[in-house]
Amino acid sequence: MSKRMFGMIAVLAIACMTLAFGGLDPAFAGLGQPTSGELGLQASASPIMDQISSLFHIVNTIIIVITLFVLVLMLWVMFRFNEKRNPVPSRTTHNTMLEVAWTIVPILILVGMAIPSFHLLFNQYSFPKPDVTIKATGNAWFWEHEYLDDKVTLTSNMVNDEDVLRAKLGDEAYDQKYGALEGTALTEAQYKDSAPIWAEDHKLRRLAVDQEIAVPVNKVVTMLITSADVIHSWTIPSFGVKMQAVPGRTSAVWFKATKLGTFAGQCSVLCGKLHSAMPIVVRVVDQPVYDSWMAAVKAKDKKKAQQILNDDAAAHANQAVAAAQ
């Protein structure tokens, strides 16, 4: 009876886990951007993020197995050894094999987790020769990205609802429509009216910037991170990159983007009242596109530089649609 009950409890636990996670498949999607209802990490676009994702799954698998094992064991003990079924309790106080097992097994589990963890840390801090070096400076509240080899600097400010509405309607039409509004009424009207524009432009609200930066695909990029005022954090989840920007200190991190596309991140430490207004957008493009974009940036033609990135993104989107069809 006890074995049968043990099996039933195990099946029930597995069924509950399957039911709980079975409807969450769409939440796992997302490359370079957050997904509504997201569960787990963003999809990987770099070798380091591949290792982070692998370690994440290993650790979570171990956690789930241990949790289910303890749950099943507790339920079995409560059923099998309750007072009604076991009126005369056992007087056993020691079991040498069991005590050895619950000492050795946790050690083996920790060693199994430590090996890939130390391997990941070693790779994160083993810097290969960079193809591109960018210095990112956090300011309250925007980012400056300086391409040290090309001696150009781009300032990235967040694009908000008012910006997209003014771009769509024009300044005069915007002032006529929203000039009399203020406070919450203005915010709600801007949010409602800008939503279709964000969707039309295929941009993420609160994660779009006026000047995006670009890096070539499959090239090593070294980021030098610092701050001009308070502590910030330069973070791109799909690259597996997160580094504190500390005033008076320059820290380094590297990545090699292996997938084309647009990758969004943002400051991930509470740096002040406009902490949420420090997004980062990185475009990963082919080398010829990167060269054209950099030439436009050097010529201080911001409009042309952004158009080059937009045209490249549209071209790859059309190719993806054609492949799907």
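Residues numbered from 1 in each chain as written. Predicted model: local features only at pLDDT ≥ 70, side-chain atom pairs only at ≥ 80, totals over all residues. Heavy atoms only, no water.

Participant: What is the right way to look at the pattern of salt bridges in this model?
Facilitator: A side chain of one charge can pair with a side chain of the opposite charge when the charged atoms of the two come close. Counted under the stated rule, the structure contains eight salt bridges. The salt bridge partner of R205 is D161, with a shortest N-O separation of 2.9 Å. With R205 in the loop between α6 (183–201) and β4 (213–216) and D161 in helix α4 (residues 161–169), the pair connects residues that are 44 residues apart, well separated along the chain. With a relative accessible area of 34%, R205 lands in the partly exposed category. Accessibility expressed as a relative area gives 8% for D161, which makes it buried. (Salt bridge = Lys/Arg side-chain N within 4 Å of Asp/Glu carboxyl O. Helix = DSSP H or I, 4+ residues; strand = E, 2+ residues; numbered from the N terminus. Buried < 20%, exposed > 50% of the residue type's maximum accessible area, 1.4 Å probe, protein only.)

Participant: Is there a simple way to explain the state of the cysteines in this structure?
Facilitator: Linking two cysteines covalently through their sulfur atoms gives a disulfide. As enumerated under the stated definition, the model contains zero disulfides in all. Here C267 stays unpaired: no disulfide links it, and the sulfur of C271, its closest cysteine neighbor, is 3.8 Å away. (Disulfide = S-S within 2.5 Å.)

Participant: What's the story with helix α2 (residues 47–80) in this structure? I'm lost.
Facilitator: An α-helix turns once every 3.6 residues. As a result, residues three or four positions apart point the same way. Between its terminal C-alpha atoms α2 stretches 49 Å, which fits the 50 Å expected from 34 residues at 1.5 Å a residue. Considered for burial, the residues of α2 that qualify are I48, M49, S53, L55 and V72. (Expected span 1.5 Å × (residues − 1).)

Participant: Just checking my understanding: could you explain the packing of α2 against helix α3 (residues 96–124) for this structure?
Facilitator: The description of two packed helices rests on the angle between their axes and on the distance between the axes. For the pair α2 and α3, interaxial distance at closest approach is 10 Å and the crossing angle is 165 degrees. Judged by the angle between their axes, α2 and α3 are roughly antiparallel. The interaxial crossing formed by α2 with α3 has left-handed handedness. Contacts between α2 and α3 involve I48, Q51, I52, L55, V59, I62 and I66 from the first element and I109, M113, P116, S117, H119, L120, N123 and Q124 from the second. Taken together, the residues of the contact of α2 with α3 sort by class into ten nonpolar, five polar and no charged. (Axes fitted to C-alpha atoms, helices over the stretch in contact; angles between N-to-C directions. Parallel < 35°, antiparallel > 145°, perpendicular 65-115°, else oblique. Left-handed = near helix turned anticlockwise from the far one by under 90°. Contact = heavy atoms within 4.5 Å. Nonpolar A, V, L, I, M, F, W, Y, C, P; charged D, E, K, R; others polar.)

Participant: In this structure, what is going on with the sheet that holds strand β8 (residues 251–256)? I would like to understand it.
Facilitator: Picture the strands of a sheet paired through backbone hydrogen bonds; they go either parallel or antiparallel. Spatially, five strands are ordered β3-β2-β1-β5-β8 in an open sheet, and the strand pairing comes out mixed. Of all strands in the sheet, those with a lone pairing partner are β3 (152–156) and β8, marking the two edges. Averaged over all adjacent pairs, the angle separating strand axes in this sheet is 25 degrees, with direction ignored. (Pairing = 2+ DSSP bridges.)

Participant: How should the packing of aromatic side chains be read in this particular structure?
Facilitator: Geometrically, a pair of aromatic rings is defined through the distance of the ring centres and the angle of the planes. Scanning all chains against the criterion turns up six aromatic pairs. With a centroid separation of 5.7 Å and an interplanar angle of 80 degrees, the aromatic rings of W76 and F81 are classed as edge-to-face. Note on W76: relative accessible area 24%, which makes it partly exposed. When its relative accessible area of 42% is taken as the criterion, F81 is described as partly exposed. On the basis of an interplanar angle of 15 degrees and a centroid distance of 4.5 Å, the ring pair of F239 and F255 is categorised as stacked. Within this pair, whereas F239 is found in the loop between β6 (232–236) and β7 (241–245), its partner F255 is found in strand β8, the two being separated by 16 residues in sequence. A single burial state applies to F239 and to F255, both of which are buried. By the ring-pair criterion, three or more aromatic residues cluster together here, those being Y147, Y290 and W293. (Phe/Tyr/Trp six-rings, centres within 6.5 Å; stacked < 30°, edge-to-face > 60°.)

Participant: So what exactly am I meant to see when it comes to the packing of helix α5 (residues 171–178) against α6 here?
Facilitator: Following both chains from N to C, one finds α5 and α6 inclined at 130 degrees, their axes separated by 11 Å at the closest point. It follows that α5 is oblique to α6 by the angle criterion. Contacts between α5 and α6 involve Y174, K177 and Y178 from the first element and L186, A189, Q190 and D193 from the second. Looking at side-chain class alone, the contact of α5 with α6 contains four nonpolar, one polar and two charged residues.

Participant: Can you help me understand the sheet that holds β4 in this one?
Facilitator: Spatially, three strands are ordered β4-β10-β9 in an open sheet, and the strand pairing comes out mixed. The sheet terminates laterally at β4 and β9 (261–266), the two strands that pair on one side only. Looking at each pair of strands side by side, their axes are set apart by 30 degrees on average, direction ignored. Relative to strand β10 (residues 279–285), β9 runs antiparallel, the two being bridged by six bridges. If you follow A264 over to β10, its bridge partner there is V281.

Participant: Please clarify how a nonpolar patch on the surface should be interpreted in this entry.
Facilitator: On the surface, I66, F69, V70, L71, L73, M74, L75, V77, M78 and F81 cluster together into a nonpolar patch covering about 870 Å² of accessible area. Tracing the backbone through its elements, the reader meets L75 in helix α2. (Patch = residues over 30% accessible without salt bridge, like charges linked within 9 Å, V, L, I, M, F, W, Y side chains within 5 Å. Areas by Shrake-Rupley, 256 points an atom, 1.4 Å probe, with all protein chains shown as cover.)

Participant: Sorry, what's going on with unusual backbone geometry here?
Facilitator: Backbone phi values are negative for most residues with the exception of glycine, while trans is the configuration of most peptide bonds. Residue W141 follows A140 across a cis peptide bond; omega there is 5 degrees. Here W141 is to be found in the loop between β1 (132–139) and β2 (142–147). Unusually for a residue other than glycine, N218 sits at a positive phi of about 60 degrees. As for its position among the elements, N218 is in the loop between β4 and β5 (220–227).

Participant: How do you make sense of the pairing of β2 when you look at a structure like this?
Facilitator: One face of the sheet, then the other: side chains in a regular strand alternate in exactly this way. Burial of the side chains of β2 is restricted to one face: W143, H145 and Y147 are buried, whereas none of F142, E144 and E146 on the reverse face is. The sheet contact formed by β1 and β2 spans six bridges and is antiparallel. Across the sheet, residue G138 finds its bridge partner in β2, namely W143. Counting the residues between successive antiparallel strands, the hairpin from β1 to β2 contains two residues. Pairing geometry for β2 and β3, over five bridges, is antiparallel. Of the residues in β3, the one forming a bridge with H145 is L154.

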